[in-house]
Amino acid sequence: MSTKYNTLLETLSLELTTPIVDDRPVYITGNFCDWNPGDEKYMMQKVAPGRYIFHFPNSEALPAALEYKYTRGDWNQVELDANSNPSINRVTDKKKGWVQDFVPHWGAEKAEGSIDYSPIVEVLADEFVTTKNQPQRRIRIILPYNYYTDTSRRYPVLYVSDAHSLFGEDASQGTSTVERKMRELAARGKGDVIIITIDNLDSEQVQEFSPYDSPGLGKGQGTMLLRFLMNTLKPKIDSLYRTMPDRKNTGIGGSAMGGLLSAYAGVMYPDIFGRLMIFSPSLWVSEKIFYDAFHFFEPYPTRVYLYAGEEGEEEEVPSVKRLNDTLVQQGYGYKHVQVTLTMDKEGDDRERWGEQFPKALEWLYYES
């Protein structure tokens, strides 16, 4: 390495070399920039053909373990390994000094050779979801992009209730929102989860997903839906797909009423669900959720991702914090129950839920 570039050892500097020489700029993305693949702030300086450097500013607070990748501006042009397969994330714990990296291939080097990280979307037959006590629902299966090519692998599963609310209007016509998020995760090597989405029947019918009866809302139907999920849908999914069916690898998630149902499912059926994704849960429906959470105790590993927007309903923030505190207290000094709480200052709506989805998925299934 030429010493004329090695002048900023008071900070962290990255040097990249690659045999692929073209006009595309090179960016650094990672856990320090919310994994934005084309942030201009992190564009590297080209110092020679196939050679790039980047100096992190002294003032920038970096994570203790810096996790990163190189891209050419988007996830379809991310770095690849020597076999042109997705590379694992790079990690360094250095806060100062010089790190030298090498990238042998990039996504989209040639149009015919680019990797499509888009997940595979399948729909179960309508007659399958018809039971004596349940009307027809559309159930979609979102598989990792390499599910049918890497046939030796089995995958954890996340059941998403009230998917229409969580993924917005896209869920009524397709799954473009979740597809985009899963594609980005797959490019980073963190998209190997099967997502099962359960659409709601009526976006205004809150009792459809409520596990509790309420004087103002009527009889809750959520427990009936939950029994369908556990006793009919999950066994069918486990028989049709290469899942990891144990509780540790089975999660449930949702937003609003779906978030309430997910919280209820986790505290009432910890032998089934070991990972909970709870977005802006409608805790106002019933105080009973806190009572049930207070009596929750699971001696096996359970991970809970709680999210709420500070600009949401007036009672949402204190209620979510109360649920968080109740769940944390049930650890009884053990570390079996891990809970993370994210409060979003930018608001609380479907768009924000969609942005939060990959962060929650990554924390639930990939972080130790």
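This report concerns the structure included in the present document. Keep in mind it's a predicted model, so treat the numbers as computed, not measured.

**Focus on the overall build of the chain**
Helices and strands together make up the secondary structure of the chain, namely eight helices and 17 strands. Here the contacts in the chain between residues at least 6 apart in sequence split such that 76% fall between residues at least 24 apart. About 16800 Å² of surface is accessible on the chain, with carbon and sulfur atoms providing 49% of the total.

**Here's the deal with the sheet that holds strand S4 (residues 51-55)**
For sheets, the rule is that strands pair by backbone hydrogen bonds, running either parallel or antiparallel. Spatially, the four strands line up as an open sheet ordered S3-S4-S1-S8, and their pairing is mixed. The open sheet has two free edges, formed respectively by strand S3 (45-48) and strand S8 (97-102), since each of these has just one partner strand. Put simply, the sheet's adjacent strands are angled 25° from each other on average, direction ignored. Two elements, S3 and S4, share three bridges in a ladder whose sense is antiparallel. Bridge assignment links Ala 48 to a residue of S4, and that residue is Arg 51.

**Digging into the environment of Gly 259**
The residue Gly 259 is located in helix H5 (residues 257-268) in this model. Assessed through its relative accessible area of 0%, Gly 259 is described here as buried. Sequence separation between Gly 259 and Ser 280 is 21 residues, and the spatial gap between their C-alpha atoms is 6.4 Å. Not counting residues up to four positions away in its chain, the partners in contact with Gly 259 are Gly 254, Ile 278, Phe 279 and Pro 281.

**Side note on the pattern of salt bridges**
All chains considered together, the criterion is met by 11 salt bridges. In this structure, the salt-bridge partner of Glu 362 is Lys 190, at a minimum N-O distance of 2.9 Å. Here Lys 190 lies in the loop between helix H3 (176-187) and strand S13 (194-198) and Glu 362 lies in helix H8 (residues 350-365), a separation of 172 residues in the sequence. Residues Glu 362 and Lys 190 agree in their burial class; the two are buried. A salt bridge links Lys 234 to Asp 238; the shortest N-O distance between them is 2.8 Å.

**Here's the deal with the environment of Ser 13**
When you line up the elements, Ser 13 lands in strand S1 (residues 12-17). Residue classification places Ser 13 among the buried positions, given a relative accessible area of 0%. Sequence separation between Ser 13 and Gln 100 is 87 residues; the distance between their C-alpha atoms is 8.6 Å.

**Here we look at the packing of aromatic side chains**
Tallying each qualifying case throughout the model produces 15 aromatic pairs. Between Phe 32 and Phe 56, the aromatic rings sit 5.3 Å apart at their centres with planes inclined by 90°, giving edge-to-face as the arrangement. Separated by 24 residues along the polypeptide, Phe 32 in the loop between strand S2 (27-30) and S3 and Phe 56 in the loop between S4 and strand S5 (66-71) bring together distant segments of the chain. On the basis of relative accessibility, which here comes to 1%, the residue Phe 56 falls in the buried class. Seen from their ring centres, Tyr 147 and Tyr 155 are 5.6 Å apart, and the 40° between their planes marks the pair as tilted. In terms of burial, Tyr 147 and Tyr 155 fall into one category: buried. Three or more aromatic residues link up through ring pairs in this structure, and these residues are Phe 32, Tyr 42, Phe 54 and Phe 56.

**Here's the deal with the nonpolar core**
Counting 45 residues, the largest nonpolar core has Ile 194, Ile 196 and Leu 233 as its most contacted members. Ignoring any residue separated from it by four or fewer positions in sequence, one finds Ile 194 in contact with Ile 141, Ile 142, Leu 143, Pro 144, Tyr 147, Tyr 155, Pro 156, Val 157, Leu 158, Tyr 241, Arg 242 and Thr 243. By size, the runner-up hydrophobic cluster in this structure holds 20 residues, among which are Tyr 305, Tyr 307, Trp 363 and Leu 364.

**Observations concerning helix H7 (residues 316-329)**
An ideal rise of 1.5 Å per residue puts 20 Å on 14 residues; H7 measures up with 20 Å between its terminal C-alpha atoms. Three or more residues of H7 are buried, namely Glu 316, Val 317, Ser 319, Val 320, Leu 323, Asn 324, Thr 326 and Leu 327.

**A word on the pairing of S4**
Among the five residues in S4, four count as buried, and that is most of the element. As paired strands, S1 and S4 are joined by five bridges and run antiparallel to one another. The partner of Thr 17 across the bridge, within S4, is Arg 51.

About the cut-offs
Residues numbered from 1 in each chain as written. Predicted model: local features only at pLDDT ≥ 70, side-chain atom pairs only at ≥ 80, totals over all residues. Heavy atoms only, no water. Helix = DSSP H or I, 4+ residues; strand = E, 2+ residues; numbered from the N terminus. Contact = heavy atoms within 4.5 Å. Areas by Shrake-Rupley, 256 points an atom, 1.4 Å probe, with all protein chains shown as cover. Pairing = 2+ DSSP bridges. Axes fitted to C-alpha atoms, helices over the stretch in contact; angles between N-to-C directions. Buried < 20%, exposed > 50% of the residue type's maximum accessible area, 1.4 Å probe, protein only. Salt bridge = Lys/Arg side-chain N within 4 Å of Asp/Glu carboxyl O. Phe/Tyr/Trp six-rings, centres within 6.5 Å; stacked < 30°, edge-to-face > 60°. Core = buried A, V, L, I, M, F, W, Y, C linked by side-chain atoms within 4.5 Å. Expected span 1.5 Å × (residues − 1).

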